[in-house]
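Listed here are the chains, written in short residue letters.
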There are 2 protein chains.
Amino acid sequence: MDEGEAMRLVSHARVARLATIDSEGRPHVVPVVFAADGRHIVTAVDHKPKTTTALKRVGNVAAHPRVSLLVDHYEEDWTRLWWVRVDGEAKTVSTGSEFDDALARLAAKYEQYRDQPPPGPVIVVAVDRVVGWSASAAGA
Amino acid sequence: MDEGEAMRLVSHARVARLATIDSEGRPHVVPVVFAADGRHIVTAVDHKPKTTTALKRVGNVAAHPRVSLLVDHYEEDWTRLWWVRVDGEAKTVSTGSEFDDALARLAAKYEQYRDQPPPGPVIVVAVDRVVGWSASAAGA
C-alpha cells in the first residue's frame, strides 16, 4: 500500500502498540490510544501516571527518542491481514501549546478523554518512516 | 493480575506484537501469530520469508536477543482494557526437533497453518518476565 493509504489506516485505528527502548537497551512495548495528524502522532500517559509502567515509557523516550508504532488488523481469514508501522523520533511534552494541542486532538478522537482528560505528559512522535503491508496486496 | 492469569490470557490470544531492536539500535515492532507453552513462546516467519520485513525480524533477534511481546485487549469501554507483556531472550531455529516442535504447536493452535505450514525459520522466546495490567484491577 502507498504511504497515504497507510497513514489513513493509522489515523482511523483506535489502538496502536508503541515500542521503545529502555535504559538498559531492551525493547519495551505497550498499547496506546493516539491521534495521528499528517506527520505527527500524539499519545498521552493516561492511566495512573505514577505507576512504574507509565513512567517507564516516558523515561524510555527521554533516553532513546527512536520509537516504532504499529497499527494492525487481525482476523481468522489471513488473506485480510494488514499492518502499518510508523517510525520516528519521540519527545515528551508536559506544558504549553504543543501539550494543549495534543490533548485537544486526543479528546476530539476519544469521547472517553472528553469526560476525563489524561493528566499527561504527552508523547509527540515526529514520523519519518511509514511502512504498510497487506496480505491481499502481497498476493497471499 | 498474577502471572498465571497473565500467561493464560497470552496463551489464548490469537495475535501478539513482537518488539525487537534492529542492527542500528532502533525499536521495531510487528504483529505475530504465536503459541505459548509454559515458559516459551514460538512464532514463525510465515509470509514470504524472502521479504525484507521477515528477514529483518530474524536479523534483529540474531543481533539483539532481548525481545518484548505484547498481548492486549482493546474496546471502547476503557474499564475493560487489559494487556500482558512478556519479555525474554529469543533465538532463531531453522531445523531439528525444536523447529519441528514449534511448527507442531503453531499448527495445533492455528488451522490456517495446518493447510499451509509456514516455511520458517521459527523464533523461540525463553520467557523471563511476565507483567499484566487490567483496568478493572487497577481500579479504573
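Residues numbered from 1 in each chain as written. Chains lettered and ligands numbered in written order. Predicted model: local features only at pLDDT ≥ 70, side-chain atom pairs only at ≥ 80, totals over all residues.

## Quick look at the overall build of chain A
Alright, step 1. The number of helices and strands found in chain A is four helices and seven strands.
Alright, step 2. Scanning chain A from its N terminus toward the C terminus, one meets helices and strands in the order α-β-β-β-β-α-β-β-α-α-β.
Alright, step 3. Principal-axis analysis of the C-alpha atoms places the extent of chain A at approximately 45 × 35 × 25 Å.
Alright, step 4. Scored against the burial criterion, the 140 residues of chain A give a buried share of 41%. (Helix = DSSP H or I, 4+ residues; strand = E, 2+ residues; numbered from the N terminus. Buried ≥ 20, exposed ≤ 12 C-beta atoms within 10 Å, placed from the backbone.)

## A look at the confidence of the model for chain A
Alright, step 1. On average, residues of chain A score 90 in pLDDT, and 92% of them reach the 70 mark or higher.
Alright, step 2. For this predicted complex, the interface score ipTM comes out at 0.92, alongside a pTM of 0.93. (pLDDT = per-residue confidence, 0-100.)

## Some words on the sheet that holds strand S4 (residues 40-44) of chain B
Consider a sheet: its strands pair through backbone hydrogen bonds, and that pairing is either parallel or antiparallel.
All names here are of chain B.
Alright, step 1. Strands sit in the order S2-S1-S5-S6-S7-S4-S3 across an open sheet of seven strands; the sheet is antiparallel. Every interior strand has two partners, whereas the edge strands, strand S2 (27-32) and strand S3 (35-37), have only one. Strand-to-strand, the axes of this sheet are offset by a mean angle of 30°, without reference to chain direction.
Alright, step 2. Both strand S1 (residues 16-21) and strand S5 (residues 66-73) contribute to a ladder of three bridges, which runs antiparallel. Looking at S5, one finds that Ala19 is bridged to Ser68.
Alright, step 3. Packed on one face of the sheet, helix H1 (residues 3-12) meets S3, S5, strand S6 (82-93) and strand S7 (122-134) and runs near 125° to S7. (Pairing = 2+ DSSP bridges. Axes fitted to C-alpha atoms, helices over the stretch in contact; angles between N-to-C directions. Contact = placed C-beta atoms within 7 Å.)

## Considerations on the pairing of strand S7 (residues 122-134) of chain A
Residue and element names in this part refer to chain A.
Alright, step 1. Of the strand pairs in this sheet, strand S4 (residues 40-44) and S7 are connected by five bridges, and their pairing is antiparallel. Residue pairing in the sheet places Ile41 in a bridge with Val125 of S7.
Alright, step 2. Looking at chain direction, strand S6 (residues 82-93) and S7 are connected through twelve bridges and run antiparallel. Paired with Thr92 across the strands is Ile123, a residue of S7.

## Quick look at H1(B)
Residue and element names in this part refer to chain B.
Alright, step 1. All buried positions along H1 are accounted for by Ala6, Met7, Leu9 and Val10. Looking down the long axis of H1, one finds its buried residues gathered within 155° of arc, a one-sided arrangement. With respect to the buried face of H1, the exposed residues turned more than 90 degrees away are Gly4 and His12.
Alright, step 2. In this fold, the buried residues of H1 make contact with S3, S5, S6 and S7. (Arc of directions from axis to C-beta.)

## Let's talk about helix H3 (residues 96-109) of chain A
Residue and element names in this part refer to chain A.
Alright, step 1. Between its first and last C-alpha atoms H3 spans 20 Å; for 14 residues at 1.5 Å apiece the expected length is 20 Å, and the two agree.
Alright, step 2. All buried positions along H3 are accounted for by Ala102, Arg105 and Leu106. Take H3 and look down its axis: the buried residues cluster within an arc of 100°, on one side only. When the buried face of H3 is taken as reference, the exposed residues oriented beyond 90 degrees from it are Gly96, Ser97 and Ala108. (Expected span 1.5 Å × (residues − 1).)

## Things to note about the interface of chain A and chain B
Many structure descriptions define interface size as the accessible area lost when the parts assemble.
Alright, step 1. Each side of the interface is counted separately: chain A has 28 residues, and chain B has 29 residues.
Alright, step 2. At the level of secondary structure, the elements contributing two or more residues to the side of chain A that touches chain B comprise strand S1 (16-21), strand S2 (27-32), strand S5 (66-73) and S6 of chain A.
Alright, step 3. The residue inventory of the side of chain A that touches chain B, partitioned by class, reads 15 nonpolar, six polar and seven charged. (Nonpolar A, V, L, I, M, F, W, Y, C, P; charged D, E, K, R; others polar.)

## Structural notes on the relation of the copies chain A and chain B
Alright, step 1. Between the two copies, chain A and chain B, the superposition gives an RMSD of 0.0 Å; the rotation angle is 180° and the shift along the axis is 0.0 Å. Considering both components of the superposition, the chain copies are consistent with a two-fold axis.
Alright, step 2. When the interface residues of chain A are mapped onto chain B, 100% of them again lie at the interface, so the same face is used by both copies. (Least-squares fit on C-alpha atoms with pLDDT ≥ 70 in both.)

## Topic: the sheet that holds S1(A)
All names here are of chain A.
Alright, step 1. With antiparallel pairing, seven strands are arranged side by side in an open sheet as S2-S1-S5-S6-S7-S4-S3. The open sheet terminates on both sides in strands that have one partner only, identified here as S2 and strand S3 (35-37). Adjacent strand axes in the sheet meet at a mean angle of 30° when their direction is disregarded.
Alright, step 2. Pairing of S1 with S2, which is carried by six bridges, proceeds in the antiparallel orientation. Across the sheet, Ala19 pairs through a bridge with Val29, a residue of S2.
Alright, step 3. Relative to the sheet, helix H1 (residues 3-12) contacts S3, S5, S6 and S7, its axis offset from that of S7 by approximately 125°.
Alright, step 4. Strands in contact with H3 are S3, S4, S6 and S7; relative to S4, the strand with the most contacts, it is inclined by about 85°.

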